[in-house]
Every structure is written in structure tokens, then in C-alpha cells.
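# Inside the fold
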Amino acid sequence: MKKKVIVTFGTRPEAIKMIPVYQELLKYPDNFDVTLVVTGQHREMLDQVLDIYQITPDIDFNIMRPNQSLTEVTNILQLKYDELYTKERPDLVLVHGDTTTALVAAFEAFYHKIEVGHVEAGLRTYERYNPFPEELNRQLIGRFATFHFAPTLKAKENLLKERVQGKIWVTGNTGIDTLFLNLKKKYEDTFLDQIVEGKMIILTTHRRENLGESMEHIFLAIKKLSKKWPDYAIVYPVHMNPKITKMAHQFLEGLPNVHLIPPLEVVAFHHYLKKAKIILTDSGGIQEEAPSLGKPVLVLRGTTERPEGVASGTLKLVGTNQETIVGEVNRLLEEPSYYQTFTNAKNPYGDGTASVQIVKALKLMQKTQEEVNIR
Ligand code: UD1
Ligand code: UDP
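An account of the accompanying structure is given in this report. (Residues numbered from 1 in each chain as written. Chains lettered and ligands numbered in written order. Predicted model: local features only at pLDDT ≥ 70, side-chain atom pairs only at ≥ 80, totals over all residues. Heavy atoms only, no water.)

## Regarding the site of ligand 1
The environment of ligand 1 is made up of 24 residues, and the closest members are His42, Glu44, Met45, Arg65 and Glu134. Taking His42, its side chain carries an N or O atom lying 2.7 Å from an oxygen atom of ligand 1. Its free accessible area being 750 Å², ligand 1 has 95% of it covered by the protein chains. Classifying every residue of the shell around ligand 1 gives eight nonpolar, 10 polar and six charged. (Near = heavy atom within 4 Å. Polar contact = N/O pair within 3.5 Å; in protein donor to acceptor, adjacent residues only side chain to side chain. Areas by Shrake-Rupley, 256 points an atom, 1.4 Å probe, with all protein chains shown as cover. Nonpolar A, V, L, I, M, F, W, Y, C, P; charged D, E, K, R; others polar.)

Structure below.
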């Protein structure tokens, strides 16, 4: 029997990592009746991803408001998902990661006794406010889900320790599927072409726990680095959170080699990463992508749920202290042997087949369930 599946997401990173799963599911119309539901928790940044892959969602809740609070997003989404599940009655809801969209989609599915599959399951710091609110979001989703798609063995171990119910598969991260696909695409960009090979530093920052003083420190570090390394382009696609946009312009506008640009669409961004010398970020997804590219990543956080990238040598946790950030970048640029230690890493996040593995697992589960039903 066909399984009715809702694939749902709402932010940029979820879209980047769920679209390959959605597209893979669509290849099996005899097995799956798929509905794509987006919440629009992000509007422009989500649409950038949908547009580049020419995907039109079946349903769009379109909930984003400027400066939305977690409570606002949660409240609106609860009612939207309640209505959706009442009407659609899917057999399975697939969510991704740790956003508020994913949490509420999973939570409401539980209230409707609908099965939940969690893609990118088992990432943990075990620090309740780092990252906030994502750490508890993903732990809770782990309780609601019964199909857990863990990117790594470490993530599976976390889930086993927590005694989650249902079944766990280790598949790699679907973000790597997207990265590999994007890098195969031809990409032309006059701005990127003008940047001298090996002379670009990329910055991204958006974490809620970094808003305020920590972000000030990050921007002051960038200011110092821009003066010390005038022949390097520091490219910063600024996250659309108005608090971040305001601070970024306040601290960094007018520096000749600092380029504050709007968020890049993902094919572009992956090509920028490929050309970067160093990446400074508090992003989760970028920590997974960089090891595949052999690029040093200084993680602007005190902790990470991606310890595999640290162990592989590509990621270094540097926190948000101004002097530490400046010192680490200086060392990478001044000591080629130190730089080299970051670049030999093997990618621990999969071989680009995570989505295929996830859909294969879902097909097998369906078969097993049908056999059980017949018996
Ligand atoms: C969200 C996720 C976070 C994820 C991040 C990826 C939660 C709680 N947080 O955080 O886990 O790492 O997305 O970027 O789910 N905005 C726009 N246009 C956009 C996107 C955002 O204007 O396309 C602005 C809006 O004013 C919005 C604000 O940014 O209110 C914050 O967006 P929100 O999704 O609430 O939080 P993020 O910090 O982006
Ligand atoms: N990304 C993008 N354009 C940008 C910056 C990032 O497409 O200008 C991609 C990046 O390659 C990664 C994802 O967005 O796949 C990460 O999103 P973000 O940092 O917003 O969220 P997180 O991963 O921290 O949840």
C-alpha cells in the first residue's frame, strides 16, 4: 500500500538538507504519495533555496514576521499543523534537525498519533542553552520520532544512550548530497572571479546565543583582521535577522576589504566556500560542508554538536573572544604548516548518498510492515 508522507520544513538549512530527500521520494510514486509543506519560518532565505531547485511546495503556511519570537512561531505553527494533520491524515511526517518548525511539526504529529521520521537525528551538545533553543528542540524531536536518520555513528550512540523508541539508521548527512551536487554545477560570478585565489575569508554568524556581546566581539575581531590583512577579501553574507543586519552594518560598514552582502543562494555559496582560504562561522551546516572541501573552519562557539569535524581536524572551536579569533586567523595565515593540519581531513559526514539511503530504508520499512500485516 502507498504511504502518505508529508515532508515539512521552514528555514534555509532545512530546505538545503531536505530537498534531496523530497526529490528522492518523488522517484517512487508507487510507494509514496508525497506532500511538501513549508512553514515559511524563513521567507526570503527559504525561497532562495526553493527557487534555485525550482520547487513549488504543495502548502505554504507563510508564517514569518519580522523579529518573530519563539513563542509566536510555536503558537502559529501548532494551529497550522493541527489543521493540516486533521485534514491530510498522513502516515508519516518527515522533519529535519532542530528548528522550531521541526519541533512543532513533530509534536503535533504525536498528538495526532502520526509517525515521525527525523532526518539529522542524534546531534547533541547536552548543554541546554547551547545552541538555544536547538539542543532541547532536537532532544524532544528524538522522543516524538520513531524513525531516526542519524548522520554519524556518534549520533546513533547518542540516540541509543537516550533509549529513543523505534529504529535508527546511520546514513550520512543529506547536506553533503546537496553540496556534491552543487559543486558539479557550473557557476559563474563576476564578484567571485575578481577575488584572488586563496585570498578570501568567509564569515557567517546567526546563532541566537551569539546575539549581543558575543557578536560584537566577532565583529571587532573582523575589524582588526581587515586592517592586518588588507589584501584579503572578507566576505560576509549577512543573515536576514534584523538584529544581525543592524549590528553588522554598524560595526563593519565602510571597511574597504569587508564585503557585507545579502545571503547567497546555495549553489553560489558552495562555490564561495570552495574558493575560501578560511571560514569563520557559528553555522551548523557549514561545519559539515567544510571537511569535504578541506577548508579550515574556526567555529565561533564554545561547544559543538559536530565533534566528528573537530576530530577530523577541519574544525576548531575558538569561541567568541576577540583576541582568540584574531590570534587563530593570524596563525593560520602566517604558519603554512599549521594551516596544513586543517586541510588533510576526511569528511565524516557521508558520501553524498544519505537521501538515497533514507528513502531505501523507508521503502524497506514499508515492505516489512506490509509483510507483518499479511501474516
Ligand atoms: C532559525 C533556526 C535556527 C537555524 C537558523 C538558520 C529556530 C528557533 N531557529 O534561526 O535553528 O540555525 O534559522 O538560519 O528555529 N528573516 C528574514 N528573512 C528570512 C529569514 C529570516 O527577514 O528569510 C528575519 C525575520 O525578521 C525573522 C528573523 O530573521 O523574524 C529570525 O528568523 P527565525 O527563523 O526566527 O530565527 P533564526 O535566527 O533565523
Ligand atoms: N548558506 C547559503 N547561503 C549563505 C550562507 C549559508 O546557502 O549565504 C548555506 C550553507 O551552505 C549551509 C546552510 O546555508 O548549507 C547553513 O544555514 P545556516 O547557517 O543559516 O543554518 P544552520 O546550519 O546553522 O542551522
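## Side note on the site of ligand 2
Inspection of the region around ligand 2 gives 16 residues, with Leu264, Ser283, Gly284, Gly285 and Glu289 positioned closest. Between ligand 2 and Arg207, the relevant distance is 3.2 Å, taken from an oxygen atom to a side-chain nitrogen or oxygen of the residue. Starting from 530 Å² of accessible surface for ligand 2 in isolation, the protein chains cover 94%. Those elements that provide at least two residues to the shell around ligand 2 are α1 (12-26), α11 (266-275) and α12 (284-293). Of the residues forming the shell around ligand 2, the biggest block, four residues, is contributed by α12. Among the residues making up the shell around ligand 2, the classes are represented as eight nonpolar, five polar and three charged. (Helix = DSSP H or I, 4+ residues; strand = E, 2+ residues; numbered from the N terminus.)

## Section: the side chain of Thr174
Tracing the backbone through its elements, the reader meets Thr174 in helix α7 (residues 174-184). Accessibility expressed as a relative area gives 2% for Thr174, which makes it buried. When residues no more than four places from it in sequence are discounted, the contact partners of Thr174 are Lys17, Pro20, Val21, Val119, Ala354, Ser355 and Ile358. (Buried < 20%, exposed > 50% of the residue type's maximum accessible area, 1.4 Å probe, protein only. Contact = heavy atoms within 4.5 Å.)

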